[in-house]
Every structure is written in structure tokens, then in C-alpha cells.
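# Residue-level structure breakdown
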Amino acid sequence: MSETYLTRIGGLIRDARRHKGMTQSDLAELLGTSQGAVTRIEAGRQNLSLDMLAKIGDALDSEFVSVGHSGPQHLRIVGGRQLSGSIDVKTSKNAAVALLCASLLNRGRTTLRNLARIEEVNRILEVLASIGVRTRWLPDSNDLEIIPPTQLRLDAIDVAAARRTRTVIMFLGPLLHDYPEFRLPYAGGCDLGTRTVEPHLAALRAFGLEVTATHGFYVARSSGSVNPTRAIVLTERGDTVTENVLMAAARHDGTTVIRNASPNYMVQDLCFFLERLGVRIDGIGTTTLVVHGRAHIDVDVDYAPSEDPIEAMSLVAAAVVTHSSITICRAPIEFLEIELATLEEMGMKYDLSEEYTSANGKTRLVDITTIPGPLRAPTDKIHPMPFPGLNIDNLPFFALIGAVAEGSTMIHDWVYDNRAIYLTELTKVGARVQLLDPHRVMIEGPTRWRAAEVVCPPALRPGVVILLAMLAAPGTSVLRNVYVINRGYEDLADRLNALGATIEVFRDI
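Residues numbered from 1 in each chain as written. Predicted model: local features only at pLDDT ≥ 70, side-chain atom pairs only at ≥ 80, totals over all residues. Heavy atoms only, no water.

### Describing unusual backbone geometry
Comment: phi is negative for the bulk of residues other than glycine, and the bulk of peptide bonds are trans. Cut-off, in case you're wondering: Segments assigned H or I by DSSP are reported as helices when at least four residues long, segments assigned E as strands when at least two residues long, and all are numbered from the N terminus.
The omega torsion of the bond from Phe387 to Pro388 falls at 15°, within 30 degrees of zero and hence cis. Topologically, Pro388 is positioned in the loop between strand E17 (364-371) and helix H14 (395-404). Gly445 connects to Pro446 through a cis peptide bond whose omega is 0°.

Encoded structure:
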């Protein structure tokens with residue numbers, strides 16, 4: 001290797017190590033070498049074999065030092081096969097991102113157990129690292145340790161990482177009490193049309209926060225003398241809006257009443273976490289939350305988020321579209337009851353285990369065993385509603401299920417401006433999908449699936465819908481540029497392969 005390449009690789013290794021919160025000694029121990037050797041590697045003064053590069057990549061859990069992995073990731077799927085076996089549902093993506101933001105409320109050490117290692121989490125960790133928060137994955141686990149600095153370096157925020165996720169909007173609530181003025185990059189994430197941040201800003205004004213948009217940033221100014229004098233009524237029952245206000249209320253030394261709050265799964269997980277921080281919350285699981293906050297929070301806390309109902313529904317859809325009997329373990333039943341009732345109306349049969357409790361000690365779990373059989377289209381349209389209604393993120397899977405059922409299924413996605421449009425991509429693998437308007441599609445089933453090559457839609461759930469349809473299509477399909485799927489699912493291809501699927505991850509040479 002040339003000196004230039006060695007220097008560049010050494011810099012990448014150094015940055016990846018620091019991002020993991022590891023010392024040179026920590027990395028040396030994992031590699032079975034000396035700290036001096038690590039020092040030379042990071043300085044570009046040590047020749048590196050491919051074997052050593054691979055070891056470093058494994059130790060740092062980083063593709064920055066992998067070989068030949070610079071292009072977008074694609075999937076090659078050999079479809080038309082039934083699945084079998086059992087699969088555990090991973091912990092919630094949406095809970096994970098809220099808890100990472102909520103860790104900013106705590107001056108002590110936060111340990112999040114069994115966290116999903118997904119791209120959305122990686123982007124937030126990059127942002128946290130850039131502002132001085134130390135994070136590290138504990139050895140041989142999905143447990144993440146978070147240690148805040150005395151003072152955040154908000155002016156050093158990683159703009160590129162922040163703009164690849166909408167989660168940064170949820171930094172407003174945790175930061176407003178300690179920082180009179182700060183700025184956050186405009187949010188990114190899935191391309192789902194215009195999603196206003198005004199409900200966030202309107203609700204947080206009760207805590208003295210004023211935000212203006214300028215030159216690609218939100219500029220936030222906070223007055224510590226302003227506190228809620230009456231109940232905060234949210235103009236929309238949004239999950240992230242509720243979470244932002246909850247985090248602001250957690251550090252308000254007084255009582256905050258939040259009305260029209262979302263009682264959805266990720267909000268409940270955040271409430272349970274805040275309780276571990278010593279914040280008392282009345283009304284968890286309802287639309288009225290009463291938060292008794294604490295001006296200072298400095299505790300060592302350990303918390304395990306609950307399992308992801310959206311991933312559970314993805315796996316149910318995989319079973320339906322491939323006519324398979326599989327057992328989906330650790331499914332949070334409270335957040336799937338409407339979905340399962342809708343499937344029953346369509347003729348689906350399934351078995352449920354006895355209930356048991358998630359590691360958070362609160363969420364009710366079951367194992368769902370799917371039973372293959374013919375389905376019929378529902379008599380009414382399928383549309384989402386705030387919890388306890390059918391979850392908005394589960395709606396796209398009913399387009400896939402409707403394509404299997406006999407008859408016409410209307411999907412009404414009234415929340416997002418253009419997500420329904422992405423469901424028309426199912427036509428490329430054989431489905432008959434008619435776009436009625438930007439919010440409604442009509443699906444005619446049953447479908448004769450066919451293999452195809454498709455560029456992954458730029459929205460998480462529609463992307464997974466196309467992947468699952470390809471599992472049903474005889475022959476070899478290719479789904480290109482699946483970064484958006486990796487944002488929300490951990491090792492999905494490998495886990496489906498364990499059920500009998502044939503999915504190969506590859507990149508262009």
C-alpha cells in the first residue's frame with residue numbers, strides 16, 4: 001500500500017474507533033496486538049494485510065474499513081418458495097431513536113439494552129458523537145452505553161448525518177432547557193412528501209422555545225423564564241410531536257399536562273424510560289399525559305425498549321404472501337390487535353401463544369403462528385387511525401396482502417402526501433394496482449407474481465413491501481439500493497434466509 005492510502009485508511013480507523021468510544025488500548029486488545037501497533041496503523045505507518053483490515057472492520061463494526069463496499073447495497077432474491085420455522089421480532093426502531101434523543105436529558109450513564117443496529121440508529125450515533133456524546137456497543141451484544149459530556153458541542157454537529165434522518169427534530173425538547181440558542185440542520189429521512197414541523201414548534205412554545213428557519217438550519221432560541229401555564233393541546237396526535245413535548249416536560253420542574261397525546265408504542269416506551277429517570281407520568285397509554293418533571297436528571301439508568309409491532313407485521317405479511325406457516329415470536333400484541341382482526345375478516349387463520357412480558361417489564365408479547373389459506377378482499381377500505389387503530393406504518397403491508405386476496409382492496413393512506421404512489425411499484429412484480437389519487441390505491445387480487453428488477457422506493461415500508469413481494473415471485477428478482485430498508489430493519493435478509501428464503505446481498509463491482 002502507498003503511504004497516501006495508509007494515511008487515509010489510518011485516519012478512517014482512528015475516526016471509527018473514536019466514534020465507538022474506544023481507546024487505542026481497547027482496539028489493540030480486540031485485535032490481539034499492541035497499543036503501539038494501533039498507534040502506527042492510525043498514523044499511516046503500518047502496512048496492513050487484507051486479513052488485518054477485515055479484523056479491524058469487525059472490531060469497529062464499520063464499513064469504513066471494509067474492502068470493496070463503497071457502492072449502494074442491493075438484494076438478489078430467488079422467490080416462489082415457502083418459508084418455515086420461527087423468528088424473533090427485534091426491538092422497536094421508533095422507540096430506539098426516541099430513547100437516543102431522550103438520553104440527552106440525563107447527565108448520568110444511559111445503557112439501552114438489545115437496541116436495533118440499524119442505519120437510522122447509526123446516523124443518530126454519528127450526530128451524538130459529533131456533539132461530544134460518547135457511545136459504545138458493549139462487547140458481543142446489542143447493548144449501547146451512552147455517556148454525555150459536561151457541555152455539548154452543538155456547533156460541531158454532523159450536518160450530513162443529521163440531514164439523513166428526521167430524528168434531529170426531536171433534539172429540540174431535550175436541549176431547550178440548557179441551551180438558550182442553538183441550531184439544527186433541516187431533517188431528512190424517508191421521502192414521504194411534505195411533513196410540517198409546525199406542530200412541534202407550536203407545542204414547544206409553551207416552554208419558551210422559538211424557532212426560525214434560515215439557510216438550511218432551524219435556529220432555536222429558548223427563554224428559561226417561560227413555562228406552561230395551562231394544558232398543552234397538540235393539534236395533531238403525532239408520535240414524534242408527543243415525544244418532543246414529553247422530553248421538554250421531563251426537565252420542567254413542575255407539572256405539564258399534554259392533551260391529544262399519542263399513546264402509541266414508541267411513546268409508551270419513552271414514558272417508561274422517563275420513569276426510570278425519576279420523572280413521574282400519569283396516564284401512560286391514554287391521550288392525556290400528566291408529567292411531573294425534574295429540573296436536573298443525573299442517574300445511571302438501564303432500559304430495554306420493547307419489540308417492534310411494525311417488524312412483526314412485516315413478518316406476518318411475509319408469511320401471507322408466500323403461503324407459509326411460520327411462528328413470529330415476541331410480537332407486541334397490544335399494538336397488533338386491529339391488524340390481526342382485519343386479517344381475520346379477510347379469512348386469515350393464526351394461533352396465539354399465552355401472553356408474556358417484554359424486557360421492559362411492561363409490554364405484552366405473544367408468539368403468532370400463521371396458518372396458510374385463501375384470503376378474500378375486505379368489504380371496506382383499509383385505512384390507518386391513531387392508536388389503538390391500525391398503525392399508519394402497517395398500512396403498506398395490507399397492499400401486499402390485498403394483492404394475495406380474492407377481490408378488490410382499497411388502501412387509503414390519508415396521512416402521507418405520496419406514499420401510496422410508491423405502492424404502484426408492485427405492478428413491476430405482477431400486482432394489479434390502480435392509483436386513484438395521491439392517497440388511495442385499488443388492488444385486484446389474487447396476483448400471479450413475476451420476477452423483476454426494481455429500484456427500491458425511497459420510503460422504508462414500501463421498500464420492504466417490494467422485497468416481500470419478490471419472495472413470492474418465482475425466479476430471480478433484484479431490488480436495488482436498499483439503504484432505506486437498512487434504516488429500519490436489522491439483518492433482514494439473513495433473518496429471512498433462516499426461514500428458508502434465498503436472498504443475497506451484493507454490491508456492483
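### Digging into the pattern of salt bridges
The condition is simple: A carboxyl oxygen of Asp or Glu within 4 Å of a side-chain nitrogen of Lys or Arg is what we treat as a salt bridge. Partly exposed describes any residue whose relative accessible area lies between the buried limit of under 20% and the exposed limit of over 50%, with all areas from a 1.4 Å probe on protein chains only and scaled to the type maximum.
This model, assessed by the stated rule, comprises 23 salt bridges. A salt bridge links Glu126 to Arg123, with the nearest nitrogen and oxygen atoms 2.7 Å apart. Of this pair, Glu126 and Arg123 both sit in helix H6 (residues 119-130), 3 residues apart, which is roughly one turn of that helix. Across this residue pair, the class does not change: Glu126 and Arg123 are buried. When salt bridges that share partners are traced, they join Arg107, Asp178 and Arg251 into one network.

### Some thoughts on the packing of aromatic side chains
We apply this condition: Pairing of aromatic rings covers Phe, Tyr and the six-membered ring of Trp, with a centre-to-centre limit of 6.5 Å; geometry is then stacked below 30 degrees between planes, edge-to-face above 60, and tilted otherwise. The criterion is that NZ of a Lys, or CZ of an Arg, lies within 6 Å of the ring centre and within 35 degrees of the ring normal, and then a charge sits over that ring.
A full pass over the atoms with the stated rule returns 3 aromatic pairs. Measuring from centroid to centroid gives 5.9 Å for Tyr265 and Phe335, while their planes differ by 65°, and the two rings are edge-to-face. Taken together, the residues span a long stretch of sequence, with Tyr265 in helix H11 (residues 265-276) and Phe335 in the loop between strand E14 (325-332) and helix H13 (337-345) at a distance of 70 residues. Taking the relative accessible area as the measure of exposure, Tyr265 reaches 1% and is therefore buried. Measuring from centroid to centroid gives 4.9 Å for Phe335 and Phe387, while their planes differ by 40°, and the two rings are tilted. Note that Phe335 is positioned in the loop between E14 and H13 and Phe387 in the loop between E17 and H14, a separation of 52 residues in sequence. Comparing Phe335 with Phe387 shows no difference in burial state: the two are buried. Lying over the aromatic face of Phe506, Arg76 brings its terminal NZ or CZ to 4.0 Å of the ring centre. The ring of Phe217 is capped by Arg183, whose NZ or CZ atom sits 3.7 Å from the centre of that ring.

Purely geometric stuff here, so don't read any function into it on its own.
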